[in-house]
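Chains, contacts and geometry: an overview
Residue-level listing of the chains:
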Amino acid sequence: MEGGDIATYIVGPVVTFLLGGGAVSVYSAHRSATSQLAGDQREARRDTVADRDAFIVTMLSDMREMRVEMRTLRERMDDVEGISRGRSDHIDILEAHIWAGHAPPPPARPEGI
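Residues numbered from 1 in each chain as written. Predicted model: local features only at pLDDT ≥ 70, side-chain atom pairs only at ≥ 80, totals over all residues. Heavy atoms only, no water.

Details of the overall build of the protein chain
If you tally the helices and strands in the protein chain, you get 2 helices and 0 strands. Taken over 113 residues, the protein chain has a buried fraction of 4%. On the protein chain, roughly 9,800 Å² of surface is accessible, and the fraction owed to carbon and sulfur atoms is 61%. (Helix = DSSP H or I, 4+ residues; strand = E, 2+ residues; numbered from the N terminus. Buried < 20%, exposed > 50% of the residue type's maximum accessible area, 1.4 Å probe, protein only. Areas by Shrake-Rupley, 256 points an atom, 1.4 Å probe, with all protein chains shown as cover.)

As structure tokens, this is what we get:
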């Protein structure tokens, strides 16, 4: 290989590339791609934050609904416990009536049980 060959095959094209704006084009393409990637990342973060915020709002709403349901269930349990106590007390009265040897009719059942 002669000196002229190196200039022809390597140096010449490199100088042409650099002086002809090739390096600027590569740099510009790199900056554009980097900028687009950064924009995509910002948008992805915004989407993630929006998704998180929507999830939090949904969870808070669900918690409020669950509190209402729990309150309703507690009230129903209190009602059922009252009925159960009333039945148990009535059974005790009936047993006492029988053990005392009283004839029918038995004591009347209280209302609500």
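Focus on a nonpolar patch on the surface
Where nonpolar side chains cluster on the molecular surface, the patch consists of Phe-55, Ile-56, Met-59, Leu-60 and Met-63 and spans about 450 Å² of accessible area. Topologically, Met-63 is positioned in helix α2 (residues 22–99). (Patch = residues over 30% accessible without salt bridge, like charges linked within 9 Å, V, L, I, M, F, W, Y side chains within 5 Å. Salt bridge = Lys/Arg side-chain N within 4 Å of Asp/Glu carboxyl O.)

Brief notes about the pattern of salt bridges
Applying the stated criterion across every chain yields a total of 1 salt bridge. In this structure, Arg-52 and Asp-53 form a salt bridge, with 3.0 Å as the shortest nitrogen-oxygen distance.

Topic: a negative patch on the surface
Taken together, the side chains of Asp-40, Glu-43, Asp-47 and Asp-51 make up a negatively charged region of the molecular surface. Locating Asp-47 in the fold gives a position in helix α2. (Lys, Arg positive; Asp, Glu negative; His and termini not counted. Charge placed at Lys NZ, Arg CZ, Asp CG, Glu CD.)

Examining the side chain of His-97
Here His-97 shows up in helix α2. Accessibility expressed as a relative area gives 15% for His-97, which makes it buried. Beyond its immediate sequence surroundings of up to four residues, His-97 is in contact with His-102, Ala-103, Pro-105, Pro-106 and Pro-107. (Contact = heavy atoms within 4.5 Å.)

Considering the side chain of His-90
Tracing the backbone through its elements, the reader meets His-90 in helix α2. Beyond its immediate chain neighbours, meaning those up to four positions away, His-90 contacts Pro-107, Ala-108, Arg-109, Pro-110 and Ile-113.

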